[in-house]
Structures are given as structure tokens and as C-alpha cells.
Amino acid sequence: MLRTSAALAGLTCLTLMAPGATLAAERWFLMSRHGDCVEIGVLKRKVPDLGEVSSPDGFASFMRQKGYEVTSTQVPVRRGKAQEVKVPQKELSLIFVTSEMCSGHETR
């Protein structure tokens, strides 16, 4: 009886967590100088070993693991999310945005 209750409690927790996990999987882009949204993969020009980075936090973590100093700051916006990530040693000052910031702009 105790095992069944524990199993049901665990299943309930997993079920309740599932919607939050979906929300955490936001799609991020880079904001170009002209206001267009571009895929994060364009960073491979400056960081050839970038891999499959798909978020500002992932990029910041990747660069820190490489030994670079990184600053990451949330930027207040009306819709979606925006985050500035700077890597001075690589001369990078990037604005990552979620897809809500891209509406009305071309996504490349």
C-alpha cells in the first residue's frame, strides 16, 4: 500500500512538472543590428566550436567553460524575454530574444 501511494505521488509530481518543462523550452534568437531575429548558429562565425547552444544561459555557460569573462543581464521588454550577454575578450555584445520579440521582423 505504501509503495502504491509513493508511486502515485511521484507520478502526480511528474504530471504537474510537465507543463513547466514545456515553458522552459523557449526558442531563442539573436537580435541583429537592424532589428531582425537571426538563428543563434550565426555565432559559429566568431565561435567555430559553438556546438548546439540554444539559449543565452547556455551560451554564457559555454563561454565561461572556455575561460572567458562573461556578463549576462536581463533586459526589460514588453513582450517575450531579452537578455544581453557580453564577452569582452571576444568583442561580443549580444542581445538574445525569445520569438515574441521577433514578430513583425524577419527570422533568418
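Residues numbered from 1 in each chain as written. Predicted model: local features only at pLDDT ≥ 70, side-chain atom pairs only at ≥ 80, totals over all residues. Heavy atoms only, no water.

1. Side note on the environment of Glu84
Threshold: Per the convention used, a helix needs a DSSP run of H or I reaching at least four residues, while a strand needs a run of E reaching at least two, with both numbered from the N terminus. Exposure classes here rest on a 1.4 Å probe applied to the protein chains alone. A residue is buried below 20% of its type maximum, exposed above 50%, and partly exposed in between. Here, residues are in contact when the closest pair of their heavy atoms is within 4.5 Å. Counting of polar contacts relies on pairs of N or O atoms within 3.5 Å, with two restrictions inside protein: one atom must be capable of donating a hydrogen and the other of accepting it, and residues adjacent in sequence are counted only when both atoms are side-chain atoms.
Looking at the secondary structure, you find Glu84 in strand β4 (residues 82-87). Residue classification places Glu84 among the partly exposed positions, given a relative accessible area of 22%. For the pair Glu84 and Leu94, spaced 10 residues apart in the sequence, the C-alpha separation amounts to 5.6 Å. With residues up to four places along the chain from it excluded, the contact list for Glu84 reads Thr71, Ser72, Thr73, Val75, Ser93, Leu94 and Ile95. At 3.5 Å, the side chain of Glu84 forms a polar contact with the side chain of Ser93.

2. What to know about the layout of surface pockets
Here is the rule we go by: Here a cavity denotes a set of grid points, spaced 1 Å apart and computed over the protein atoms alone, in which a 1.4 Å probe fits but from which it cannot get out, and a pocket denotes an open set meeting protein on both sides within 12 Å along at least five of seven lines; residues with an atom within 4 Å of a point are reported as lining. Grid points are joined across faces, edges and corners, and a volume is the space filled by probe spheres set on the points. Under the grouping applied here, Gly and all other residues not named as nonpolar or charged are polar, the nonpolar ones being Ala, Val, Leu, Ile, Met, Phe, Trp, Tyr, Cys and Pro and the charged ones Asp, Glu, Lys and Arg.
Each pocket or cavity is described by its volume, and for the largest pocket that value is around 510 Å³. Lining the largest pocket are 15 residues, with Leu30, Met31, Arg33, Leu43 and Leu94 positioned closest to its centre. Of all the elements in the fold, those that place two or more residues in the lining of the largest pocket are β1 (28-31) and β5 (92-98). Element by element, the count of residues in the lining of the largest pocket is highest for β5, at four residues. Looking at the lining of the largest pocket residue by residue, the class counts come to eight nonpolar, two polar and five charged. What the second largest pocket holds in volume is close to 170 Å³. In this structure, the second largest pocket is lined by Glu26, Arg27, Trp28, Glu39, Ile40, Gly41, Lys44, Leu50, Gly51, Glu52, Val53 and Ser54. For the lining of the second largest pocket, a count of residues per class yields four nonpolar, three polar and five charged.

3. Observations concerning the confidence of the model for the chain
Test applied: Each residue carries a pLDDT score, the predictor's own confidence in it, on a scale running from 0 to 100.
Taken as a whole, the chain shows an average pLDDT of 80; of its residues, 72% reach a score of 70 or greater. Between the elements of the chain, mean pLDDT differs from a low of 40, seen in helix α1 (residues 2-24), to a high of 98, seen in β4.

4. Comments concerning the nonpolar core
Put simply, the rule reads: Among the buried residues, those of types Ala, Val, Leu, Ile, Met, Phe, Trp, Tyr and Cys that are joined through side-chain atoms within 4.5 Å form a nonpolar core.
The biggest cluster of nonpolar side chains holds 18 residues, and the ones touching the most others in it are Leu43, Leu50, Phe59 and Phe96. Where this core is concerned, the elements lending two or more residues are β1, α2 (56-65), β4 and β5. Dropping the residues within four chain positions of it, Leu43 is found in contact with Leu30, Leu50, Phe59, Leu94 and Phe96. By size, the runner-up hydrophobic cluster in this structure holds five residues, among which are Cys37, Ala82, Val97 and Cys102.

5. Side note on the pairing of β1
Let me state the cut-off plainly: Two strands form a pair only when DSSP identifies at least two bridges running between them.
Sheet analysis places β1 next to β5, joined by three bridges and oriented antiparallel. Bridged to Trp28 within β5 is Thr98. Direction of pairing for β1 relative to strand β2 (residues 37-38): antiparallel, over a ladder of two bridges. Across the sheet, residue Met31 finds its bridge partner in β2, namely Cys37.

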